[in-house]
Amino acid sequence: MHLGDESFDIIFAGGGTTACVTAGRLAEADPSLKILIIEIGQHTKERQEHIQPGRCVRNLTTNKELFAFYQANPSTALAGRSVIVSSGKCLGGGSSVNFTNYTRAASSDYDDWENLYGNKGWSSKHLIPLLKNAETYQSEVHNSTHGTSGPIKVSQSNATIDIAKQFLHVAELYDKERILVNDINDFTTCNGYGRWARYIDINSGRRSDAAHGYIYSLEGKKHNIHILTQARVIRVLFEGIRAIGVEYIEEVENTENGVASVSIARASKMVLISAGAFGSSSILERSGIGAKHILEKNGIPQVVDLPGVGEHYMDHNVVLSPFFAVEHVDTMDIIYHGKEEELKPYVEEWARTGGGLMAQSGIDAGIKIRPIEKDLDDLGPEFRKRWNTHFAYAPDKPLLQIAPFTAYVGPHSEVPHRKCFTMEYIADYPLSTGHVHITTGLDPHGKLDFRSGFFDNPLDIAVLRWAYKKGREFARRMPSYRGEYGLGHPEFVNGSQAICQEADGPVSIDTPNILYTTEDDQAIDLFLRQTGNYKILTAHKKDTDLRCVVETTWHSMGTCAMKAREQDGVVDNRLNVYGVSCLKVVDCSIIPSNVGANTYNTAIAIGEKAALLVAEELHLY
């Protein structure tokens, strides 16, 4: 698509999840509204790597062009490691490449946005109705929090995978302090084990992403959305303090001597920045909006002094512990790690029936878990202080998500040639935060000054240490368990009860828990700091370096926080960037405080809310 001198009513600088939601809703409200979405990646329509849910892991190793990779600065908290964080680089953003886990935040998370940060209209009573309107919940409904006619399909698998069944069976017998529940994602339930729904259409077996749900679904209807893919926004253009358009470069065309030419797209009504926690803050800084010392170092004249731009980077941390499984159990190993020709029968089954392993996400059960009193003792007195200030008042906030992955998830070059399952633990509210800043002026390809902040606060390690121990007890009681795959576990000393090894079968339900010594705890902490735990890929490397791997959940947020300006906020409660007009940020970078969930659902909420705000201002409703 070539724009020439065309102008638009609204320009989206980025085509991720929230952009698709907001643009789609605005196009429905006023089909004549001329909207441009500029997306750095490619279209996703009907591409098998996007619509087939089972490809989520193999995409990370075979389709790296679908992701942008950001390497953080070396961290002393990580024993000198430089972690790598990825994000979706395609229309629909993360919704087009994620693991499809349907995970909704605690209602108190959204209430905090309103009550603690003064963002009127952003509490759970405002956002939950929008999320209901966004979804079609295709499984049995047990409460009033789910929708029935929205563009995003949500379902539980028709056939529960054996590993998930075993996990729930062990939970029922082993964990007497917690219960089995029908719905673990009703905005309030914690400490209940249950089936985990997915963003997968139960009828077709297809991934349900924002691009197909909100944008491609408009085809055949009257609308005026234009999409420019493989183009990168450099900065926002202003007349005075009014945003009037953007500068961008196309990644594959209009180049001369290898240098892309700069083009301009103009917006008569507003510009919406929607490039994610890395991209949105960078666009603002290249536009002259940010901290004075950052802009001066980059030779960029300051338009607005907003020192909060690029600060307060947040994520969730994950531990993935792999275990050997009995050979007759169904797993996703061949889907995740097999050769393309080995996938053919599964692809054919998916195309014919909408079912089979290709219609699975790999996670079918789990729990949003909160520690009980004896667990708080294990977590230590310093964590108890954190508990009393952040969790005790909000019984809907989980400390962690624990779930079994029905496959080996780890370094691709170290895939064992046998069946496996992996225990996943996601810390939902890490204390550590980081920052993201530009370093190369107006060059949109330049390296970022990225501090992940991972484990800067030692309490974050204590949480994951407890999670590792907890999940391992579940795994070794599951019938398919055949021991630990050592590369994904700490090195415990000989003689330790915790030493990792292969096994002939599970231990009994009433077997005493492993007793970890102080030395064992130190081994776990060293493993977390030095090795990392999300070892699916490394960027720009063919071989996996165990000291340079990913332990992110790809839930990057917070760098353009929706807070008061004096609190280092970047946007107000109507998503307007402070100090300018006709410029908003609409993506997860506006999140002021963390949410206890994967961020796709929250991104949908932000997109739906943004559509209402823009429509009000344009008098569309």
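Please refer to the structure placed before this passage.
About the criteria used
- Residues numbered from 1 in each chain as written.
- Predicted model: local features only at pLDDT ≥ 70, side-chain atom pairs only at ≥ 80, totals over all residues.
- Heavy atoms only, no water.
- Helix = DSSP H or I, 4+ residues; strand = E, 2+ residues; numbered from the N terminus.
- Rg over C-alpha atoms; globule rule 2.2 N^0.38 Å.
- Buried < 20%, exposed > 50% of the residue type's maximum accessible area, 1.4 Å probe, protein only.
- Areas by Shrake-Rupley, 256 points an atom, 1.4 Å probe, with all protein chains shown as cover.
- Disulfide = S-S within 2.5 Å.
- Axes fitted to C-alpha atoms, helices over the stretch in contact; angles between N-to-C directions.
- Parallel < 35°, antiparallel > 145°, perpendicular 65-115°, else oblique.
- Contact = heavy atoms within 4.5 Å.
- Salt bridge = Lys/Arg side-chain N within 4 Å of Asp/Glu carboxyl O.
- Pairing = 2+ DSSP bridges.
- Phe/Tyr/Trp six-rings, centres within 6.5 Å; stacked < 30°, edge-to-face > 60°.
- Lys NZ or Arg CZ within 6 Å of the ring centre and 35° of its normal.
- Core = buried A, V, L, I, M, F, W, Y, C linked by side-chain atoms within 4.5 Å.

## What to know about the overall build of the chain
Right, so step 1: When helices and strands are tallied, the chain shows 16 helices and 25 strands.
Right, so step 2: For the chain, the C-alpha radius of gyration of 23 Å lies close to 25 Å, the compact-globule estimate for 621 residues.
Right, so step 3: Considering only C-alpha atoms, the chain reaches an extent of 70 × 55 × 50 Å along its principal axes.
Right, so step 4: The buried share of the chain, reckoned over its 621 residues, is 64%.
Right, so step 5: For the chain, the accessible surface area stands at approximately 22500 Å², while carbon and sulfur atoms represent 48% of it.

## Section: the state of the cysteines
Simply put, the disulfide is a covalent bond whose two ends are the sulfur atoms of two cysteines.
Right, so step 1: Taken as a whole and assessed by the stated rule, the structure comprises zero disulfides.
Right, so step 2: Not engaged in a disulfide, the cysteine Cys500 finds its nearest cysteine sulfur in Cys420; these two sulfurs lie 13 Å apart.
Right, so step 3: The thiol sulfur of Cys582 is not disulfide-bonded, and the nearest other cysteine sulfur, from Cys560, lies at 18 Å.

## Digging into the packing of helix α4 (residues 107-115) against helix α5 (residues 124-134)
Right, so step 1: It is the contact of α4 with α5, at a shortest axis distance of 8 Å, that shows an interaxial angle of 130°. Relative to α5, α4 is oriented oblique. Across the interface between the two elements, Ser107, Tyr110, Asp111, Trp113 and Glu114 from α4 touch Ser124, His126, Leu127, Ile128 and Leu131 from α5.

## Thoughts on the pattern of salt bridges
Right, so step 1: In this structure the tally under the stated criterion is 29 salt bridges.
Right, so step 2: Here Glu28 makes a salt bridge to Arg25, at a shortest N to O gap of 3.3 Å. With a gap of three residues between them, Glu28 and Arg25 both fall in helix α1 (residues 17-29), about one helical turn apart.
Right, so step 3: Among the residues examined, Arg25 registers a relative accessible area of 17% and is labelled buried.
Right, so step 4: A salt bridge links Glu373 to Arg384; the nearest nitrogen and oxygen atoms lie 2.9 Å apart. Taken together, the residues Glu373 in helix α12 (residues 373-379) and Arg384 in helix α13 (residues 381-391) connect sequence positions 11 residues apart.
Right, so step 5: Here Glu373 falls in the partly exposed class, since its relative accessible area comes to 48%.

## Some words on unusual backbone geometry
Right, so step 1: Of note, the phi angle at Asp568 is positive, near 65°, even though the residue is not glycine.
Right, so step 2: Turning to its location among the elements, Asp568 is positioned in the loop between α15 (518-530) and β25 (583-585).
Right, so step 3: The backbone of His619 shows a phi angle near 60°, a positive value even though the residue is not glycine.

## A word on the sheet that holds strand β19 (residues 365-369)
Right, so step 1: Spatially, the seven strands line up as an open sheet ordered β7-β8-β19-β20-β21-β18-β24, and their pairing is mixed. Either end of the sheet is taken by a strand with one partner, and the two such strands are β7 (179-180) and β24 (481-484).
Right, so step 2: Relative to strand β20 (residues 400-405), β19 runs antiparallel, the two being bridged by three bridges. In the strand pairing of β20, Ile367 is matched with Ile402.
Right, so step 3: Contacts from helix α6 (residues 162-174) reach β7, β8 (192-195), β19, β20 and β21 (420-427), with the element oriented near 160° to β8.
Right, so step 4: Docked against the sheet, helix α14 (residues 458-475) engages β8, β18 (317-325), β19, β20, β21 and β24, running at close to 150° with respect to β21.

## Description of the packing of aromatic side chains
To describe a pair of aromatic rings, you give the distance between the ring centres and the angle between the ring planes.
Right, so step 1: Tallied over the full model, the rule gives 26 aromatic pairs.
Right, so step 2: A ring pair is formed by Phe99 and Phe405, whose centres lie 5.4 Å apart and whose planes are at 80°; its orientation type is edge-to-face. Separated by 306 residues along the polypeptide, Phe99 in the loop between β4 (84-88) and α4 and Phe405 in strand β20 bring together distant segments of the chain.
Right, so step 3: Since its relative accessible area comes to 8%, Phe99 is described here as buried.
Right, so step 4: Residue classification places Phe405 among the buried positions, given a relative accessible area of 0%.
Right, so step 5: Centre to centre, the rings of Phe324 and Tyr485 are 5.4 Å apart; their planes meet at 65°, and the pair counts as edge-to-face. Taken together, the positions of Phe324 in strand β18 and Tyr485 in the loop between β24 and α15 put the pair 161 residues apart, joining distant regions of the chain. The two residues Phe324 and Tyr485 agree in class, both being buried.
Right, so step 6: Among the aromatic side chains, those forming a connected cluster through ring pairs are Tyr70, Phe278, Tyr313 and Phe450.
Right, so step 7: We note Lys34 situated over the ring of Phe8; from NZ or CZ to the ring centre the distance is 5.2 Å.

## Re the nonpolar core
Generally speaking, nonpolar side chains in soluble globular proteins are found buried as a group.
Right, so step 1: Residues Phe12, Leu284, Ile289 and Leu583 are the most contacted members of the largest nonpolar core, which totals 89 residues.
Right, so step 2: For this core, the element with the highest residue contribution is helix α16 (residues 600-617), accounting for nine residues.
Right, so step 3: Residues in contact with Phe12, not counting those within four places in the same chain, are Ala19, Thr22, Ala23, Leu26, Ile35, Leu36, Ile37, Ile38, Leu272, Ser274 and Val586.
Right, so step 4: The next biggest cluster of nonpolar side chains, apart from the first, holds 64 residues, and it includes Ala164, Leu376, Val463 and Ala498.

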